[in-house]
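Spelled out, the chains give:
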Amino acid sequence: MVPIKVSINKFLFQVAVGSLPLLNVLALNEKITFTIVVFSVLFFLRIQRLKFAAYDVFYLIFIASLSLSAIFNGYINKSSLLYITTFLTVYFIYFKNTVSWYQSYKKEFYSTLHGIVLFTSGFILYEFIALNFFPGVFIELPRATAIEYDSTFLRMYRPRGFAEEPGHMSLFFEFAIPLLVPYLNCMTRRKRIFSIFLIALAILLMGSSFTILLAIISITFFYSIKIIQKPKFFFTATVFLAICFFTVLTNPKIGGLVKDYSSSIQSKVSLDSNNSSVSDRAYRFTKGLELVSDNFLGGIGPMAFKEYSRSASSLNLSIDIWLYSGFVGILAFYCFLGLVLLIFVNSKAQNKKWILLSFFLIILHYQIITNFWFPYLWIVLGVMIMEKNLARFKEA
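Conventions used here
Residues numbered from 1 in each chain as written. Predicted model: local features only at pLDDT ≥ 70, side-chain atom pairs only at ≥ 80, totals over all residues. Heavy atoms only, no water. Patch = residues over 30% accessible without salt bridge, like charges linked within 9 Å, V, L, I, M, F, W, Y side chains within 5 Å. Areas by Shrake-Rupley, 256 points an atom, 1.4 Å probe, with all protein chains shown as cover. Salt bridge = Lys/Arg side-chain N within 4 Å of Asp/Glu carboxyl O. Helix = DSSP H or I, 4+ residues; strand = E, 2+ residues; numbered from the N terminus. Contact = heavy atoms within 4.5 Å. Expected span 1.5 Å × (residues − 1). Buried < 20%, exposed > 50% of the residue type's maximum accessible area, 1.4 Å probe, protein only. Core = buried A, V, L, I, M, F, W, Y, C linked by side-chain atoms within 4.5 Å. pLDDT = per-residue confidence, 0-100. Polar contact = N/O pair within 3.5 Å; in protein donor to acceptor, adjacent residues only side chain to side chain. Phe/Tyr/Trp six-rings, centres within 6.5 Å; stacked < 30°, edge-to-face > 60°. Lys NZ or Arg CZ within 6 Å of the ring centre and 35° of its normal.

Undergrad: Hey, could you run me through a nonpolar patch on the surface in this one?
TA: On the surface, Val57, Ile61, Phe296, Leu297, Phe327, Val328 and Leu331 cluster together into a nonpolar patch covering about 620 Å² of accessible area. If you list the elements that add at least two residues to the nonpolar patch, you get helix 3 (54–72) and helix 12 (317–345). In terms of residue count, the dominant contributor to the nonpolar patch is helix 12 (three residues). Here Val57 lies in helix 3.

Encoded structure:
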């Protein structure tokens, strides 16, 4: 008979993992979410097991740099203090929590993650069908923010799942899918095909151009590796897929839909200055680089970007961190990431390439957003540390 305490701990952990896509649903605001509440409970349950390592020193230097930048630039207010506090909070609540719990419930982590990815994909499909074809059927969920849907993509509503916008929801898939590849490979062929189809359909319907672009690059890269390893089999498979692909495209209706979809993606990723989204991002990015150049060493203070610009952020996490913590801060932050990465790469951890893919997809996405309080980066870093530890335990 399983002890009650163990059962409760496992249940809480599964609830926490299952809540990962809830970025905007069941939340008070963008930072106080159901996910962080559950992870906070888990943190306090094992706070006595909290351990520190060399990489923690770099992170503490980064936090100190944020604080000093706020002091020296005279920008100490509610927003700057909240910014610093949030960086501390996500570090302990998500990163340290994952390090503490992952080893005990690794199997539950992947099974729950797979289940919630499928559930989220199913909800996205339901949202797309209901909003576009049966508006009266769709039941809106309680959200922290209510923004208008973007109906410009394929002249249809874009589903956003449990996030504020489709791009944020796509980040969840960029985090989860690579981690789940080994788990999917252990399933029966029917279950694996069903999972892949549903997930791929959800990503296509959300229409996040950045995520689709990353998916194409990732698939091409790993497919190329497989071709090198098994050239005859994959050459035959490539020819077969190519024939199927062009056969489908010759159908006028399907071909027209694919053409419209491709045109929509192309317009979203184009550098056309007439595109309002591209223009706004270009302005923020350029302004951010100008401020970095003028405030290279000391930065401007946390959340002070809005004092120099019409926008609240550069929409690039690296630029934001440099501006808000100075040169020492950005150096310490990337030394922290680099050290965790180095520790993991030099280990004999399982499924290394898929965990690394998840990490790099998240890092790439953070070049166009600054929502560092999302749990995904911190959880992947925690998985890296614990997979390294598990590999070391097996060697011993």
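Further notes follow.
Undergrad: Looking at this structure, I do not really get the environment of Tyr334. What am I missing?
TA: Mapped onto the elements of the fold, Tyr334 is located in helix 12. Residues Tyr334 and Phe58, spaced 276 residues apart in sequence, show a C-alpha to C-alpha distance of 8.6 Å. Apart from residues lying up to four places away in sequence, Tyr334 is in contact with Ser318 and Gln367.

Undergrad: Can you help me understand helix 2 (residues 34–45) in this one?
TA: Owing to its 3.6 residues per turn, the α-helix brings residues three or four apart onto one side. Taking 1.5 Å of rise per residue, the twelve residues of helix 2 would be expected to cover 16 Å, and the 17 Å separating its terminal C-alpha atoms lies within 8% of that figure. Every buried residue of helix 2 is listed here: Thr35, Ile36, Val38, Phe39, Ser40, Leu42 and Phe43.

Undergrad: How should the nonpolar core be read in this particular structure?
TA: Soluble globular proteins: nonpolar side chains tend toward being buried together. Counting residues in each nonpolar core, the largest one holds 98 residues, and the members touching the most others are Phe87, Leu113, Phe172, Phe175 and Trp378. The leading source of residues in this core is helix 12, at 13 residues. If we ignore the near neighbours within four places in the chain, the residues touching Phe175 are Leu20, Leu113, Ser358, Ile362, Tyr376, Ile379 and Val380.

Undergrad: Before we go on, may I ask you to explain the confidence of the model for the protein in this structure?
TA: Note: predicted coordinates in regions of low pLDDT should not be interpreted at a detailed level. Residues of the protein with pLDDT of at least 70 account for 78%, and the chain-wide mean is 83. Of all secondary-structure elements in the protein, the lowest mean pLDDT belongs to helix 10 (residues 252–269), at 48, while helix 3 reaches the highest, 96. Confidence drops under pLDDT 50 across residues 253–274; counting only partners more than four residues distant or on other chains, this segment forms 30 contacts.

Undergrad: Help me understand the side chain of Asn316 in this model?
TA: Following the sequence through the fold, Asn316 ends up in the loop between helix 11 (276–294) and helix 12. Separated by 3.0 Å, the side chain of Asn316 and the backbone nitrogen of Ile319 make a polar contact. When neighbours within four sequence positions are excluded, Asn316 is seen to be in contact with Phe285, Tyr366, Gln367, Ile369 and Thr370.

Undergrad: Even after reading the chapter, I still don't get the packing of aromatic side chains, so can you show me in this structure?
TA: Aromatic ring pairs are defined here through the distance separating the ring centres and the angle between the ring planes. Summed over the entire model, instances satisfying the criterion amount to 47 aromatic pairs. Here Phe119 and Phe162 contribute two aromatic rings whose centre-to-centre distance is 6.2 Å and whose plane-to-plane angle is 10°, an arrangement assigned as stacked. Highlighted residues: Phe119 in helix 5 (residues 106–133) and Phe162 in the loop between helix 5 and helix 6 (166–185), separated in sequence by 43 residues. The exposed category is assigned to Phe119, whose relative accessible area is 53%. According to the relative accessible area criterion, Phe162 is buried, its value standing at 5%. Geometrically, the ring pair formed by Phe123 and Phe162 is stacked, given 4.6 Å between the ring centres and 25° between the ring planes. With a gap of 39 residues between them, Phe123 in helix 5 and Phe162 in the loop between helix 5 and helix 6 connect regions that are remote in the sequence. You'll find Phe123 and Phe162 in the same group, each marked buried. Sitting over the ring of Trp101, Arg46 keeps its end group 3.9 Å from the ring centre. The ring of Tyr283 carries the charged tip of Arg310 above its face, separated from the ring centre by 3.7 Å.

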